[in-house]
Amino acid sequence: MIRNSFSKKITLVYTLVFAIIFVSSGFYISSTLQQRALARFKESLTVQTRLATEIVIPLFARKAKRESIHDLAHRLGEITGSRVTVIEASGEVVGESERRLEDLPLIENHAGRPEIREALQGKTGFSIRWSETIKKEMYYCAVPLKSNNQILGVLRMSLPLT
């Protein structure tokens, strides 16, 4: 009888230890996979944004009309499936794939957004935050629009995380 009770206790302890290890491993694997997926997502969005700057810079450098820049933002958004925003160095939005041209003057200045601040310093800026426009959590990537070593503005592309 004592031996049977002891066996049950040992079995219970081993079962609990196994369950804890199994659950911990599951959380670790899930977290690792999520981090890897986010890293690939970030890399893909960065490449898209950098490629798109090659199309936007010539328009910006020759001071194209706002309509042309806005139309390009819409086309890039349709092609890539991303939200595309073109921002002047002052922070003023001059193109937005999710808004109408006549709405652009109503959009608040973007110079204070974290990813835009980084891009205006010549870096690639990233941010994950809620979008009031789209009503979703978004992953943002912002790249400076440079011509002759001068930052003319910023191209930002974003995708929802959900």
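Model, not experiment: these values are computed from the prediction. (Residues numbered from 1 in each chain as written. Predicted model: local features only at pLDDT ≥ 70, side-chain atom pairs only at ≥ 80, totals over all residues. Heavy atoms only, no water.)

(A) Broad picture of the overall build of the protein. Summing up its helical and strand segments, the protein has three helices and five strands in all. Its helices and strands taken in sequence order, the protein reads α-α-β-β-α-β-β-β from the N to the C terminus. Here the protein holds 162 residues, and 36% of them are scored as buried. Here the analysis covers contacts within the protein between residues at least 6 apart in sequence; of these, 50% occur between residues at least 24 apart. Just so you have it, the protein exposes about 10,400 Å², and 58% of that area is on carbon and sulfur atoms. (Helix = DSSP H or I, 4+ residues; strand = E, 2+ residues; numbered from the N terminus. Buried < 20%, exposed > 50% of the residue type's maximum accessible area, 1.4 Å probe, protein only. Contact = heavy atoms within 4.5 Å. Areas by Shrake-Rupley, 256 points an atom, 1.4 Å probe, with all protein chains shown as cover.)

(B) Structural detail: the pairing of strand S3 (residues 125-131). As paired elements, S3 and strand S4 (residues 136-147) share seven bridges and run antiparallel to each other. Within the sheet, the bridge partner assigned to Gly125 lies in S4 and is Ala142. Hairpin connection, S3 to S4: the antiparallel pair is bridged by four residues, and Lys135 has positive phi, about 65°. (Pairing = 2+ DSSP bridges.)

(C) Representation of the confidence of the model for the protein within the structure. On average, residues of the protein score 83 in pLDDT, and 85% of them reach the 70 mark or higher. Helix H1 (residues 2-61) is the least confidently modelled element of the protein, averaging 74 in pLDDT, while helix H3 (residues 114-120) averages 94, the highest of any element. (pLDDT = per-residue confidence, 0-100.)

(D) Spotlight on the pattern of salt bridges. Applying the stated criterion across every chain, the model contains seven salt bridges. Sharing partners across several salt bridges, the network here consists of Arg100, Glu102 and Asp103. (Salt bridge = Lys/Arg side-chain N within 4 Å of Asp/Glu carboxyl O.)

(E) Just the sheet that holds S4, in detail. Taken in spatial order, the five strands make up an open sheet running S2-S1-S5-S4-S3, and their pairing is antiparallel. Since the sheet does not close on itself, it has two edges, and those belong to strand S2 (93-96) and S3, each with one partner. On average, adjacent strands in this sheet sit at an angle of 25° to one another, irrespective of strand direction. Examined bridge by bridge, S4 and strand S5 (residues 150-160) share 10 bridges and lie antiparallel to one another. (Axes fitted to C-alpha atoms, helices over the stretch in contact; angles between N-to-C directions.)

(F) Molecular detail of the pairing of S2. Two elements, strand S1 (residues 83-88) and S2, share three bridges in a ladder whose sense is antiparallel. The residue of S2 that forms the bridge with Val86 is Gly95.

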